Amino acid sequence: MSAAPDISPATARASARTSRLSRERIRSAWLFLAPMLIVLAGVALYPLYRTIWFSFTDASLDLLGEARFIGWRNYLEYVDYGNGDGEWFGLLADSRWWRSVWNTVWFAIVSVSLETLFGLVIALVLHKKFPGRVWVQAAVLIPWAIPTIVSARMWAWMLHDQFGIVNDMLQRIGLIDAPVAWTASPETAMIAVIMVDVWKTTPFMALLILAGLQMVPRDMYEAARLDGVPPFRLFRRVTLPLIMPALLVAIVFRALDALRVFDIVYVMTPNTDATRTMSVYARENLFDFDRFAYGSAASTLLFFIIALITIGFIYATRMNLEGDER
Amino acid sequence: MTAPAWLKTTGFYTLVAIIVIQALFPFYYAVLTSLEDGQALFDVNYLPAVFDLSNYRSMLSDGVFGKQIVNSVFVATVTVIISLFLAITASFALARIRFRGRGLLLLTILSVSMFPQIAVLSGLFELVRAFGLFNSLWSLVFSYMIFTLPFTVWVLTTFMRALPVEIEEAAIMDGASSFTIIRRIFVPLLWPAMVTTGLLAFIQAWNEFLFALTFLSTDAQRTVPVAIALISGRSEFEVPWGNIMAASVVVTLPLVVLVLIFQRRIVSGLTAGAVKG
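It should be emphasised that the depicted structure is a prediction, and the values quoted were computed from it without experimental measurement.

1. Focus: the overall build of chain A
Phase 1: Counting its secondary structure elements, chain A contains 11 helices and two strands.
Phase 2: Each helix and strand of chain A, ordered N terminal to C terminal, gives the series α-β-β-α-α-α-α-α-α-α-α-α-α.
Phase 3: Against the globule reference of 20 Å for 326 residues, chain A gives a C-alpha radius of gyration of 27 Å, more extended than a compact globule.
Phase 4: For chain A, the spread of C-alpha atoms along the principal axes amounts to about 90 × 65 × 35 Å.
Phase 5: A burial count over chain A gives 51% of its 326 residues as buried.
Phase 6: Taking contacts inside chain A between residues at least 6 apart in sequence as the whole, the part at least 24 apart equals 59%.
Phase 7: Of the roughly 16,400 Å² that chain A leaves accessible, carbon and sulfur atoms contribute 64%.

Quick look at the structure:
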């Protein structure tokens, strides 16, 4: 566009200077990005590539350097016993793996649903103006700030079968007759883990939903109030559709987080089939059972499951990443 | 006041009370337990019954725990400083300069923050060993970049985008270099955002467990979350709950204080990191 015939020499010079400037700026942009990109590549991309590579080898913990390529055998392999009999081996034929996939999915569905529900309630409360609101918000934030490990141990103590205060409370109000071994018995272990996760991450959910609520224009409520719309209808017809985008983002963030859950399960209910998640399964194989390659295969599968969900989400919401033309 | 309105108010404040109690009770109970010793530990109390500091004394006198706190502080602080330094220039480029592939780049950075840590664990383990960093705190400083860096870049980019274009135009016309613009214009304007992001990244690094569990092998090198996770007794009946709770209170108290002081900042930082995507 700069070569229009009627342009004066001065403007031409100025525009040449601008384009040189902008070229310089673009060059400096890459220069500024380079250190960050190099670190990210070193800490994320390369290790990911190595994990995937290890999953196709026979690597063991002490002999990483001597890993040989063995194809898909960590994932699935049919061993023929020669007498017309044979057996399937590998991750995809491992019932413990499928149990941990199921545990993880179940954990994610239940905990994220409960967190959304409670988060919504807390956000609606915090959205109202009342004396002491700031203090209530600070109190709500505290579970989020407590390290996961600490929450897991705090709750493990509160849920202790003999001396735990939760059993004591429930017995006092008559909900249970005898103490429950929350973390130890297979029927309740998952409930205990979900309880702690919900307690710890609901604040995060509540804050994200609250931010969505605060973007709804006030006069919208004012108009509805003047028209005499009942509060529940108002919530369902006006508030909910308007906060839906924020709610969806929050749910997806939490779901991705829940699918990689490790800390709570590892600390509260170690070595239980009832709660073993994909991450716990992978780490167990990597470092405790000395099946490094097999554990890498589990990590790789977990990665692809999460990647698929992420890509699907980004595609579905068509996130505006350029940040302009809004 | 009419009866329904009165009822409504009561109901609302009951709900508020329930929310506050459920949020605070576990920590309150941990403090309560940490102040009990011996037999008192095994009686369920709802209100403070004894005041006994012996759990704290035994935790802190044992020496290793003090060292572990120093480890945690060191790792979290160094991680935050390095990520902020790398992120401020990177987010300047991402927020203020138009170039091809910017959207894709942001997308990549965002997706790295969604990486499951376990997916890079084998590869990182190999790297850490190859660099001779196994059982060194630097292995954590390095590996924590995987979650602090995308997060700080993302949040600082959102903050920087919100600033008007005019503030740098004059400087560009004066021929100031981009680096000068960052140092003279953006850092002074952005320091509140940097404090927020730094604080959130600090909390993330302070609380991290999986890498710390995997890359450190001796007690004296461990960070506090791992130390607390590994405290156990010889049998299920000898788990020193009083000590565990004392240690938990010690590592959590600073965070609780930070949350109370920086509440508003934390809220704005968390939502900038997620909602504005």
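2. Comments concerning a nonpolar patch on the surface
Phase 1: Judged by side-chain polarity, Leu76(A), Tyr78(A), Trp88(A), Leu92(A) and Trp98(A) come together as a nonpolar surface patch covering roughly 520 Å² of accessible area.
Phase 2: One can find Trp88(A) in strand 2 (residues 86–89).

3. Description of empty space enclosed by the protein
Phase 1: Applying the stated criterion to the full structure yields one cavity of 30 Å³ or more.
Phase 2: Size it by volume and the largest cavity reaches roughly 1,300 Å³.
Phase 3: Residue lining of the largest cavity: 42 residues in total, with Arg254(A), Asp257(A), Arg260(A), Phe147(B) and Gln204(B) positioned closest to the centre.
Phase 4: Residue composition of the lining of the largest cavity, by class: 27 nonpolar, eight polar and seven charged.

4. Focus: helix 3 (residues 133–145) of chain A
Residue and element names in this part refer to chain A.
Phase 1: A rise of 1.5 Å per residue sets the reference length of helix 3, with its 13 residues, at 18 Å; its end C-alpha atoms lie 19 Å apart and thus fit the reference within 8%.
Phase 2: Extensive coverage of helix 3 is indicated by the burial of 10 of its 13 residues.
Phase 3: Where helix 3 is concerned, the buried positions are Val136, Gln137, Ala138, Ala139, Val140, Leu141, Ile142, Pro143, Trp144 and Ala145.

5. Let's talk about the interface of chain A and chain B
Phase 1: Each partner contributes to the interface: chain A provides 95 residues, whereas chain B provides 103 residues.
Phase 2: For the chain A and chain B pair, buried surface summed over both sides reaches about 9,000 Å², with 76% attributable to carbon and sulfur atoms.
Phase 3: Linking chain A with chain B are one salt bridge.
Phase 4: In this structure, Glu126(B) and Arg50(A) form a salt bridge, with 2.8 Å as the shortest nitrogen-oxygen distance.
Phase 5: There are 15 residue pairs in polar contact (both at pLDDT 80 or more) connecting chain A and chain B.
Phase 6: Taken together, the residues of the side of chain A that touches chain B sort by class into 69 nonpolar, 12 polar and 14 charged.

6. Things to note about the UniProt feature "transmembrane region" (unreviewed entry) in chain B
Residues and elements named next belong to chain B.
Phase 1: The feature "transmembrane region" (unreviewed entry), as annotated in UniProt, sits at residues 12–31, 69–92, 104–125, 137–164, 185–206 and 244–262 in this numbering.
Phase 2: Span residues 12–31 is 100% helix and 0% strand, its end C-alpha atoms 29 Å apart.
Phase 3: With 100% helix and 0% strand, residues 185–206 has its two end C-alpha atoms placed 31 Å apart.

7. A short note on the UniProt feature "domain: ABC transmembrane type-1" (unreviewed entry) in chain A
Phase 1: In the UniProt entry, the feature "domain: ABC transmembrane type-1" (unreviewed entry) is given for residues 101–315 of chain A.
Phase 2: The span residues 101–315 of chain A is 78% helical and 0% strand by assignment, and the distance between its end C-alpha atoms comes to 25 Å.

8. Remarks on the UniProt feature "transmembrane region" (unreviewed entry) in chain A
Residues and elements named next belong to chain A.
Phase 1: Under the UniProt annotation, "transmembrane region" (unreviewed entry) lies at residues 29–49, 105–126, 138–158, 189–213, 234–256 and 292–316.
Phase 2: Here residues 105–126 runs as 100% helix and 0% strand, with 31 Å between its end C-alpha atoms.
Phase 3: Between the C-alpha atoms that bound residues 189–213 there is a distance of 35 Å. The span itself is 100% helix and 0% strand.

9. Quick notes on the layout of surface pockets
Phase 1: Size it by volume and the largest pocket reaches roughly 1,100 Å³.
Phase 2: Looking at the largest pocket, it is lined by 28 residues, and the ones nearest its centre are Leu124(A), Lys128(A), Pro231(A), Leu234(A) and Phe12(B).
Phase 3: Secondary-structure elements contributing two or more residues to the lining of the largest pocket are helix 2 (95–127), helix 7 (218–226) and helix 8 (231–259) of chain A together with helix 1 (3–34) of chain B.
Phase 4: A class-by-class count of the residues in the lining of the largest pocket yields 17 nonpolar, four polar and seven charged.
Phase 5: Considered as a void within the structure, the second largest pocket measures approximately 750 Å³ in volume.
Phase 6: Surrounding the second largest pocket, 32 residues form its lining, Arg153(A), Val267(A), Met268(A), Thr269(A) and Pro270(A) being those nearest its centre.
Phase 7: Residue assignment for the lining of the second largest pocket shows that the elements contributing at least two residues are helix 4 (148–158), helix 9 (263–268) and helix 10 (278–288) of chain A together with helix 10 (224–230) of chain B.

10. Section: the confidence of the model for chain B
Interpretation of the predicted coordinates at a detailed level should be avoided for regions scoring low in pLDDT.
Phase 1: On average, residues of chain B score 87 in pLDDT, and 97% of them reach the 70 mark or higher.
Phase 2: Mean pLDDT across the secondary structure elements of chain B bottoms out at helix 12 (residues 263–274) of chain B, with 77, and peaks at helix 9 (residues 210–215) of chain B, with 95.

11. Concerning the domain arrangement of chain B
Residues and elements named next belong to chain B.
Phase 1: Segmenting chain B into domains produces domain 1 (3–42) and domain 2 (63–274).
Phase 2: In this structure, domain 1 and domain 2 have C-alpha centres spaced 32 Å apart.
Phase 3: In this assembly, six residues from domain 1 lie in contact with eight residues from domain 2.
Phase 4: Counting the surface lost from both domain 1 and domain 2, the interface buries some 560 Å², and carbon and sulfur atoms represent 88% of this.
Phase 5: When residues of domain 1 are sorted by the area they lose upon contact with domain 2, Phe27, Ala30 and Ser34 head the list and together hold 64% of the total.
Phase 6: Inspection of the domain 1/domain 2 interface yields zero salt bridges.

12. Description of the confidence of the model for chain A
Phase 1: Taken as a whole, chain A shows an average pLDDT of 86; of its residues, 91% reach a score of 70 or greater.
Phase 2: Counted against residues more than four places away or in other chains, residues 322–326 of chain A, with its pLDDT under 50, gives nine contacts.

13. Focus on the pairing of strand 1 (residues 77–80) of chain A
Each regular strand shows side chains that alternate between the opposite faces of the sheet.
All names here are of chain A.
Phase 1: In the sheet, strand 1 pairs with strand 2 via four bridges, with the strands oriented antiparallel. When the bridges of strand 2 are listed, Val79 appears paired with Glu87.
Phase 2: Two successive antiparallel strands, strand 1 and strand 2, enclose a turn made up of five residues, where Gly82 displays a positive phi of approximately 90°.

14. A closer look at the packing of helix 2 of chain A against helix 6 (residues 186–214) of chain A
All names here are of chain A.
Phase 1: Close contact between helix 2 and helix 6 brings their axes to 6 Å; oriented N to C, the two are set at 45°. For the element pair helix 2 / helix 6, the angle class is oblique. Considering how the two elements wind past one another, helix 2 and helix 6 form a crossing that is right-handed.
Phase 2: Partitioning the contact of helix 2 with helix 6 into residue classes produces 19 nonpolar, eight polar and two charged.

How each quantity is defined
- Residues numbered from 1 in each chain as written.
- Chains lettered and ligands numbered in written order.
- Predicted model: local features only at pLDDT ≥ 70, side-chain atom pairs only at ≥ 80, totals over all residues.
- Heavy atoms only, no water.
- Helix = DSSP H or I, 4+ residues; strand = E, 2+ residues; numbered from the N terminus.
- Rg over C-alpha atoms; globule rule 2.2 N^0.38 Å.
- Buried < 20%, exposed > 50% of the residue type's maximum accessible area, 1.4 Å probe, protein only.
- Contact = heavy atoms within 4.5 Å.
- Areas by Shrake-Rupley, 256 points an atom, 1.4 Å probe, with all protein chains shown as cover.
- Patch = residues over 30% accessible without salt bridge, like charges linked within 9 Å, V, L, I, M, F, W, Y side chains within 5 Å.
- Salt bridge = Lys/Arg side-chain N within 4 Å of Asp/Glu carboxyl O.
- 1 Å grid on protein atoms, 1.4 Å probe; cavity = no way out; pocket = protein on both sides within 12 Å on 5 of 7 lines; lining within 4 Å.
- Points joined across faces, edges and corners; volume = space filled by probe spheres on them.
- Nonpolar A, V, L, I, M, F, W, Y, C, P; charged D, E, K, R; others polar.
- Expected span 1.5 Å × (residues − 1).
- Buried area = accessible area lost by both parts, 1.4 Å probe.
- Polar contact = N/O pair within 3.5 Å; in protein donor to acceptor, adjacent residues only side chain to side chain.
- UniProt positions renumbered as here; feature names shortened; annotations may be inferred.
- pLDDT = per-residue confidence, 0-100.
- Domains from an automatic or database assignment.
- Pairing = 2+ DSSP bridges.
- Axes fitted to C-alpha atoms, helices over the stretch in contact; angles between N-to-C directions.
- Parallel < 35°, antiparallel > 145°, perpendicular 65-115°, else oblique.
- Left-handed = near helix turned anticlockwise from the far one by under 90°.

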